[in-house]
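Coordinate analysis (summary)
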Amino acid sequence: MTRRHMFGFFGSLAAAGRYGIAQAADSKPDQGIKLGVASYSFREFQRKLAISFTSQLGVSYVSVKDFHLSYNSKPDEFTKAKNEFKKAGLTIVSVGNTDLKDENPAVLQRHFEYARNCGSPMIVAAPTHATLPAVEKLAKEFNIQVAVHTHGPEDAHFPSPQVVLDAVKGMDPRMGLCLDVGHSMRTGADVVQEIANAGPRLLDIHMKDLKQKLVKENQCDVGDGVMPVVAIFKQLKKIGYNGCVNLEYEINSDNPVPGMLHSLGYMKGVLAGLA
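Quick summary incoming for the structure in this document. (Residues numbered from 1 in each chain as written. Predicted model: local features only at pLDDT ≥ 70, side-chain atom pairs only at ≥ 80, totals over all residues. Heavy atoms only, no water.)

Quick look at the overall build of the protein chain now. Scanning the protein chain from N- to C-terminus turns up eleven helices and ten strands. Here the protein chain holds 275 residues, and 54% of them are scored as buried. Residue pairs at least 24 apart in sequence account for 77% of intrachain contacts in the protein chain once pairs closer than 6 positions are excluded. Summed over all atoms, the accessible surface of the protein chain reaches about 12,000 Å², with 50% contributed by carbon and sulfur. (Helix = DSSP H or I, 4+ residues; strand = E, 2+ residues; numbered from the N terminus. Buried < 20%, exposed > 50% of the residue type's maximum accessible area, 1.4 Å probe, protein only. Contact = heavy atoms within 4.5 Å. Areas by Shrake-Rupley, 256 points an atom, 1.4 Å probe, with all protein chains shown as cover.)

What follows covers the environment of Tyr114. Tracing the chain through its elements places Tyr114 in helix H5 (residues 105-118). Overall, the relative accessible area of 4% leaves Tyr114 in the buried class. For the pair formed by Tyr114 and Ser70, sequence separation is 44 residues and the distance between their alpha carbons is 9.0 Å. Non-local contacts of Tyr114, meaning those with residues more than four positions away in its chain, are made with Asp66, Leu69, Ser70, Tyr71, Phe78 and Val95.

With that out of the way, let us pick up the environment of Lys238. Its location among the elements puts Lys238 in helix H10 (residues 229-238). For Lys238, a relative accessible area of 69% puts it in the exposed group.

It is worth spelling out the pairing of strand E4 (residues 122-127) at this point. Counting buried positions over the six residues of E4 gives six, a clear majority of the element. Here E4 shows two buried faces, one formed by Met122, Val124 and Ala126 and the other by Ile123, Ala125 and Pro127. Here strand E3 (residues 91-100) pairs with E4 via five bridges, running parallel. Residue pairing across strands places Gly96 opposite Val124, the latter belonging to E4. Pairing geometry for E4 and strand E5 (residues 145-149), over four bridges, is parallel. (Pairing = 2+ DSSP bridges.)

A word on the pattern of salt bridges. Summed over all chains, the structure comprises nine salt bridges. One salt bridge connects Lys101 with Asp99, and the closest N-O pair in it is separated by 3.5 Å. Judged by relative accessible area, Lys101 falls into the partly exposed class, the value being 31%. Note on Asp99: relative accessible area 44%, which makes it partly exposed. Here Glu250 ties to Lys208 by a salt bridge, and the two come within 3.7 Å at their closest N and O atoms. Of this pair, Glu250 sits in the loop between strand E10 (244-247) and helix H11 (257-274) while Lys208 sits in the loop between strand E7 (202-207) and strand E8 (209-210); the two residues are 42 residues apart in sequence, bridging distant segments of the chain. (Salt bridge = Lys/Arg side-chain N within 4 Å of Asp/Glu carboxyl O.)

A separate point is the side chain of Lys65. Among the secondary structure elements, Lys65 is positioned in the loop between strand E2 (61-64) and helix H4 (75-87). A distance of 2.7 Å separates a polar side-chain atom of Lys65 from the backbone oxygen of Asn97. (Polar contact = N/O pair within 3.5 Å; in protein donor to acceptor, adjacent residues only side chain to side chain.)

This paragraph deals with the sheet that holds E2. One closed barrel holds the eight strands; their spatial order is E1-E2-E3-E4-E5-E6-E7-E10, and the pairing between them is parallel. Along the sheet, successive strands turn relative to each other by an average axial angle of 30 degrees, direction set aside. When strand E1 (residues 34-38) meets E10, the two strands line up parallel, connected through four bridges. Residue pairing for E10: Val37 is matched across the bridge by Leu247. The strands that helix H6 (residues 132-142) touches are E3, E4, E5 and strand E6 (175-180); relative to E6, the one it contacts most, it runs at about 110 degrees. Across the sheet, H10 lies against E1, E7 and E10, angled at about 165 degrees from E7, the strand it touches most. (Axes fitted to C-alpha atoms, helices over the stretch in contact; angles between N-to-C directions.)

As far as function goes, none of this settles anything; it's purely spatial.
See the structure below:
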């Protein structure tokens, strides 16, 4: 972390505290729906800083990317990392997005061993149609949920929610969908309807917003774009969703905290209004 980054981050957090925004980002506004953060949002920063910033955002749940806990970690490193998250009051709810495209069963198994070593009940995954049966077998063996991530028009395998739902239909209930609302919107999907379509297959959500529906480069703070955030949360409550809505903040990577505070504060406000 550079000195410029350090001053920028702590300046942003101080400002947030002055204006009371951190309190607005409380992660527990509803007994069912939980707000969290995908640690990919802090991809420019080492684990200790990512943990510190996440806890200061007022969330209690985190989806861990391998930037912050390497796939090649030794047992003592897993123990150390889990203790660091726990000490900061953070619960690891998933790992990923994890590439599960290798057709070698031993390679796929190592990713499940990684999730188990992290203490994670879920893998947010990018498999292929060919690897999906082997992934299902491992999900049952390890008792770990697999949320297949939608990655938009550029994804040759699982671009949209309906493609995922068609693929996991009839599979073990641990196999389901990670609905990335931003990437899914860019395929033309009605993200509110897709939540209804998914029902119990909806295992995880990556939240973001877009200034324009079909343009990847137009991501913005949640609440500042065209994403139907209120309708999304209404639909989640309607289907009885009790998983995480994880903010995945892909913009302003050098200084994401102000935008993340704004985004989480907006989501908290929506949930409070619905309550």
